[in-house]
Amino acid sequence: MAAQLSFAPLLSTCTQHLRPFQSRTNIHFHFPSLPIPLSLSTFPFSSSTATTRGKVLCQTAGAHFFDAQNAVEAGQDRLLKVPISHIRNFSIIAHIDHGKSTLADKLLQMTGTVQTREMKDQFLDNMDLERERGITIKLQATRMRYMYKNEAYCLNLIDTPGHVDFSYEVSRSLAACEGALLVVDASQGVEAQTLANVYLALDNNLEIIPVLNKIDLPGADPLRVMKEIEEIVGLDCSNAIQCSAKEGIGIVEILNAIVERVPPPRNTANRPLRALIFDSYYDPYRGVIVYFRVVDGRIKRGDRIYFMASDKDYFADEVGVLSPNQLEVEELYAGEVGYLSASIRSVADARVGDTITHHGRKAEDSLPGYEEATPMVFCGLFPVDADQFPELRDALEKLQLNDAALKFEPETSNAMGFGFRCGFLGLLHMEIVQERLEREYNLSLITTAPSVVYRVNCVNGDTVECSNPSLLPEPGKRRSIEEPFVKIEMLTPKEYIGPLMELAQERRGEFQEMKFITEVRASITYALPLAEMVGDFFDQLKSRSKGYASMEYSFIGYRESELIKLDIQINGDRVEPLSTIVHNNKAYSVGRALTQKLKELIPRQMFKVPIQACIGSKVIASETISAIRKDVLAKCYGGDITRKKKLLRKQAEGKKRMKAIGRVDVPQEAFMAVLKLEKEVL
């Protein structure tokens, strides 16, 4: 641990002799009586030297003495070119709330990339939403300059989003690196997201440096966590770095480890240009700005470039580096990370994972790993006020410029009017888009229950993808229905194994594996239908484990299931917005819950209103709203019974005629409550 020792007499004596050398910041002095080297920045050159009490920072044996002022000065020269052998490209991978953004802040500060007066918490998280939720949604990149053994090194930090919804973006960011810092909370240990991102890093052959963060917390247990990492991940933790990003402990060791352990990029500057796009965003004045890593060759301002996957070509108007603001340069060569602006109109023209090459000297093949973003979760978005429909359309179009994974198409509902059917990468992606629409564009929205994409095999041999129950082919035309399955891994303390296994079984999960990763923690793996996960699965997991369990899931393909379409009929009329696709075993419970809820919410009419849950023409659950009746016998204070029967018969005929021509309007509140119920029971 670092300790601070006071050497006031030594400082006051030596400062007088060292004043001529005060401009030389890279000189170190060794005193026989001191176990540590001293640098010039230790000595205060001021008029009040005799009364100044200096403090020398001592670090553990073998650590390099760090001259903070030297690093800050070096940080100002980060546009200066360095040899390819002195470039280090790395990423930080961690579970949510393990201190990734705080560590990135400290690295920027320690290398002088961001001045202290400009510094703020979670510097690389630009959106208010990211700061509030404590997660990284939109990844960032930044270039740092670091002096190590009197030589300048260029460190490129490529940040990654932390959630499973963005795993493809994470994989492309890691493909642009040669190394990664694996940050693990020294009190919480290895979590599910940590594990998933480590496997992505290993797939890309990255050099992984284990870092134990938050060692200053009272509950920190570094030895236990190091043992966990070795047993679960299989990484050697004998040289793991213990740090506290908040307190600034161990930051120098991390920077030195990046230089020493992360391999430099290959020197392929003379080959045809190949650059990997790992992110892009839309600027209203300059078009799409592309973030990329040059793998082979060179790129200059004014070059005519070609995007290999989208088959588009543009002229590079501006090329530069991110540090962390955009700084323009003339050229970038193999190993460097930067941005380009080429008046690109749509993010779809420069998708994440695409390869940039020269139009005149094209590369023979593109970089591996490119995939089209495929929406996995769909829901309907409707404005509360029907007049806001044009604003909703404009807002979605603007968001799509920044987010190529967002898909939407117009949809009409008898209950909620005009809206859009939107496709998302996952539940978090859906929540973020909805919240951004409401915050940034001042819209009030109704969101239908999320659904997944089903694959319908028809009798004639066709395969239809169906994201909306209303698009499902008739029962006679379909042979089978397939639904998406995910592999879910839950990490939990051993006392919560039972409740979590019970939760997975309730959601039609298929048990695959359970193993104890330590004496007190276990990993449980299930294959689970994605439709069962898009509801409140995560909330239930946290509730049943008292917040201690974490989960990670990955898409594993489609499987045939006994799925049916459940329709709701009100007064004999089918209400399409309330139709759902459910598993055969859950149809009755879902139908019963929906009919009971609708009975509470729909106001009584002058006639009897039946509410039925149907599979095809078969009614499986039914409720009836009784009619509002006038007491036609009130005027009969005696007399013949036939008079009373005649009045009742006349009333019944009127009710029957009323029911035949009457129309039941389902109020907006009823739809909202039923949509909320669907999210709970499905």
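No experiment lies behind these values; they were computed from the predicted model shown. (Residues numbered from 1 in each chain as written. Predicted model: local features only at pLDDT ≥ 70, side-chain atom pairs only at ≥ 80, totals over all residues. Heavy atoms only, no water.)

**Student:** I'd love a proper account of the overall build of the chain, names of residues and values included.
**Tutor:** Summing up its helical and strand segments, the chain has 16 helices and 36 strands in all. Buried positions account for 54% of the 682 residues belonging to the chain. Long-range pairs, those at least 24 residues apart, make up 70% of the contacts in the chain with a sequence separation of at least 6. (Helix = DSSP H or I, 4+ residues; strand = E, 2+ residues; numbered from the N terminus. Buried < 20%, exposed > 50% of the residue type's maximum accessible area, 1.4 Å probe, protein only. Contact = heavy atoms within 4.5 Å.)

**Student:** Break down unusual backbone geometry for me, with residues and values.
**Tutor:** Of note in the backbone geometry, Asp-311 takes a positive phi value of approximately 60 degrees without being a glycine. Topologically, Asp-311 is positioned in the loop between strand E14 (304-307) and strand E15 (312-315). Accessibility expressed as a relative area gives 52% for Asp-311, which makes it exposed. Even without glycine at this site, Asn-442 takes up a positive phi of about 55 degrees. In this fold, Asn-442 is placed in the loop between helix H10 (427-440) and strand E24 (445-447). You can call Asn-442 exposed: its relative accessible area is 63%.

**Student:** So what's going on with the nonpolar core? Which residues, and what values?
**Tutor:** Ranked by size, the top nonpolar core spans 46 residues in total, and within it Leu-437, Ile-488, Met-490 and Phe-537 carry the most contacts. Residue contributions to this core peak at five residues, all from helix H9 (residues 389-402). For Leu-437, the residues in contact, after removing those within four places along its chain, are Leu-381, Leu-392, Ala-395, Leu-396, Leu-399, Asn-442, Leu-443 and Leu-445. Formed by 38 residues, the second largest nonpolar core is a distinct cluster that contains Leu-182, Ile-232, Leu-235 and Ile-517. (Core = buried A, V, L, I, M, F, W, Y, C linked by side-chain atoms within 4.5 Å.)

**Student:** Describe in detail the pairing of strand E8 (residues 179-185), supporting the description with residues and values.
**Tutor:** Counting buried residues in E8 gives seven out of seven residues, a clear majority hidden from the surface. Residues of E8 alternate between two faces, with Gly-179, Leu-181, Val-183 and Asp-185 on one and Ala-180, Leu-182 and Val-184 on the opposite face, all of them buried. Strand direction decides the pairing type here: strand E5 (residues 87-94) and E8, joined by five bridges, are parallel. If you follow Ser-91 over to E8, its bridge partner there is Ala-180. Here E8 runs beside strand E9 (residues 207-213); their pairing, made up of seven bridges, is parallel. (Pairing = 2+ DSSP bridges.)

**Student:** So what about the side chain of Glu-336? Which residues, and what values?
**Tutor:** On the secondary structure map, Glu-336 appears in the loop between strand E18 (331-333) and strand E19 (337-344). With relative accessibility at 1%, the residue Glu-336 sits in the buried group. Of note is the side chain of Glu-336, whose polar atom sits 2.8 Å from the side chain of Lys-81. Residue contacts for Glu-336: discarding those within four places in its chain leaves Lys-81, Ile-87, Arg-143, Asn-156, Phe-292, Arg-293, Val-294 and Glu-331. (Polar contact = N/O pair within 3.5 Å; in protein donor to acceptor, adjacent residues only side chain to side chain.)

**Student:** Outline a positive patch on the surface, supporting the account with residue identities and numerical values.
**Tutor:** Together, Lys-630, Lys-635, Arg-643, Lys-645, Lys-646, Arg-649 and Lys-650 make up a positively charged patch on the protein surface. Following the sequence through the fold, Lys-650 ends up in helix H15 (residues 641-661). Overall, the relative accessible area of 63% leaves Lys-650 in the exposed class. (Patch = residues over 30% accessible without salt bridge, like charges linked within 9 Å, V, L, I, M, F, W, Y side chains within 5 Å. Areas by Shrake-Rupley, 256 points an atom, 1.4 Å probe, with all protein chains shown as cover. Salt bridge = Lys/Arg side-chain N within 4 Å of Asp/Glu carboxyl O. Lys, Arg positive; Asp, Glu negative; His and termini not counted. Charge placed at Lys NZ, Arg CZ, Asp CG, Glu CD.)

**Student:** Kindly report on a nonpolar patch on the surface, identifying the contributing residues and their values.
**Tutor:** A cluster of nonpolar side chains, contributed by Phe-511, Met-514 and Phe-516, occupies part of the molecular surface with about 290 Å² of accessible area. With respect to the helices and strands, Phe-511 occurs in strand E29 (residues 510-516).

**Student:** I'd like to hear about the pattern of salt bridges, residue by residue, with values.
**Tutor:** Applying the stated criterion across every chain, the model contains 26 salt bridges. Of the charged contacts, one joins Arg-224 and Glu-228 as a salt bridge, the two residues approaching to 2.9 Å between their closest N and O atoms. Taken as a pair, Arg-224 and Glu-228 lie in helix H7 (residues 222-232) at a separation of four residues, close to a single helical turn. Residue Glu-228 is classed as buried on the basis of its relative accessible area, which comes to 1%. Here Lys-586 ties to Glu-532 by a salt bridge, and the two come within 3.2 Å at their closest N and O atoms. Pair noted here: Lys-586 is in the loop between strand E34 (580-583) and helix H14 (587-601) and Glu-532 is in helix H12 (residues 530-533), with a separation of 54 residues, a long-range link. Each member of the pair, Lys-586 as well as Glu-532, carries the same accessibility label: buried. Connected through salt bridges with shared partners, the residues Asp-221, Arg-224, Glu-228 and Arg-521 form a single ionic network.

**Student:** Describe the environment of Gly-99, listing the residues and the values that go with them.
**Tutor:** If you trace the backbone, Gly-99 turns up in the loop between E5 and helix H3 (100-110). Considering only alpha carbons, one finds Gly-99 and Lys-246, 147 residues apart in sequence, at a separation of 8.5 Å.

**Student:** Could you give me a rundown of the side chain of Thr-492, with the residues and numbers involved?
**Tutor:** Mapped onto the secondary structure, Thr-492 falls in strand E28 (residues 478-493). Excluding its chain neighbours within four sequence positions, the residues that come into contact with Thr-492 are Ile-497, Leu-500, Val-520, Arg-521, Ala-522, Ile-524 and Ala-549.

**Student:** Could you give an account of the sheet that holds E8, naming the residues involved and the relevant values?
**Tutor:** Here six strands make up an open sheet; going across it, the order is E6-E7-E5-E8-E9-E10 and the pairing mixed. At either end of the open sheet lies a strand with only one pairing partner, and these are strand E6 (141-148) and strand E10 (241-242). Here helix H8 (residues 251-261) sits on the sheet in contact with E5, E6, strand E7 (151-158), E8, E9 and E10, set at roughly 90 degrees to E6. (Axes fitted to C-alpha atoms, helices over the stretch in contact; angles between N-to-C directions.)

**Student:** Could you give me a rundown of the packing of H3 against H8, with the residues and numbers involved?
**Tutor:** Angle between the axes and distance between the axes: these two values describe a pair of packed helices. Viewed as axis vectors pointing N to C, H3 and H8 meet at an angle of 80 degrees, and their least axial separation amounts to 10 Å. Comparing the axis directions of H3 and H8 gives the class roughly perpendicular. On H8, the residues that touch Leu-103, Lys-106, Leu-107 and Met-110 of H3 are Ile-251, Ile-254 and Leu-255. Considered class by class, the residues forming the contact of H3 with H8 number six nonpolar, no polar and one charged. (Parallel < 35°, antiparallel > 145°, perpendicular 65-115°, else oblique. Nonpolar A, V, L, I, M, F, W, Y, C, P; charged D, E, K, R; others polar.)

Scope: geometric values only; no functional claims are made or implied.
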